[in-house]
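Observations on the model geometry
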Amino acid sequence: MAVRTPKTNAAEPGHLVRSRHSLGCLMLNEGSIASNEFEQGRLVGKEQERMRIVRMFHEEISSGMLGAVFKIHQAQEKLNSVNSPEAETVSEASELLSDAIEKMSDVMDDEKKESEAADRDSA
């Protein structure tokens with residue numbers, strides 16, 4: 001297969017690789033202008049997907065998880081008020097969920113910082 005790009009008059013040689021799910025990946029010879037443009041587009045797409053995941057976490061997932069921590073904390077207080085032995089188990093669940101939220105938030109913050117640094121470097 002050959003690809004024509006706006007920056008070249010000649011077609012660039014390459015081939016299309018197709019997956020089991022009917023998705024295709026255009027493979028171009030290394031060093032060609034089209035290959036460089038393809039790589040730049042791939043990096044932009046990767047960055048857009050990274051930002052979509054960060055945004056989804058902050059907008060949808062984190063609020064639900066924080067709500068769950070709040071509900072678990074309420075249950076823990078009720079169990080403590082009646083001296084229930086299950087209060088310790090609920091407390092452990094609350095701590096585990098809080099730790100998971102904190103770790104996920106740290107990862108998302110790191111991803112956001114990497115993205116911002118990449119944006120500054122490419123500018």
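Residues numbered from 1 in each chain as written. Predicted model: local features only at pLDDT ≥ 70, side-chain atom pairs only at ≥ 80, totals over all residues. Heavy atoms only, no water.

A word on the overall build of the protein
- Within the protein one finds two helices and three strands.
- Taking contacts inside the protein between residues at least 6 apart in sequence as the whole, the part at least 24 apart equals 42%.
- On the protein, roughly 9300 Å² of surface is accessible, and the fraction owed to carbon and sulfur atoms is 55%. (Helix = DSSP H or I, 4+ residues; strand = E, 2+ residues; numbered from the N terminus. Contact = heavy atoms within 4.5 Å. Areas by Shrake-Rupley, 256 points an atom, 1.4 Å probe, with all protein chains shown as cover.)

Structural notes on the environment of Ser-98
- Its location among the elements puts Ser-98 in helix α2 (residues 86-122).
- Distance from Ser-98 to Leu-66, taken between C-alpha atoms, is 8.0 Å for residues 32 residues apart in sequence.

Thoughts on the environment of Leu-97
- Mapped onto the fold, Leu-97 is located in helix α2.
- For the pair Leu-97 and Val-69, spaced 28 residues apart in sequence, the C-alpha separation works out to 6.8 Å.

A look at a negative patch on the surface
- A contiguous patch of negative charge, built from Glu-88, Glu-92, Glu-95, Asp-99, Glu-102, Asp-106, Asp-109 and Asp-110, is present on the exposed surface.
- Structurally, Glu-88 is set in helix α2. (Patch = residues over 30% accessible without salt bridge, like charges linked within 9 Å, V, L, I, M, F, W, Y side chains within 5 Å. Salt bridge = Lys/Arg side-chain N within 4 Å of Asp/Glu carboxyl O. Lys, Arg positive; Asp, Glu negative; His and termini not counted. Charge placed at Lys NZ, Arg CZ, Asp CG, Glu CD.)

Considerations on the side chain of Gln-76
- One can find Gln-76 in helix α1 (residues 33-81).
- For Gln-76, the residues in contact, after removing those within four places along its chain, are Ala-87, Val-90 and Ser-91.

Observations concerning unusual backbone geometry
- For Asn-83, which is not glycine, the phi dihedral falls at a positive 55 degrees.
- Tracing the backbone through its elements, the reader meets Asn-83 in the loop between α1 and α2.
- For Asn-83, a relative accessible area of 68% gives the class exposed. (Buried < 20%, exposed > 50% of the residue type's maximum accessible area, 1.4 Å probe, protein only.)

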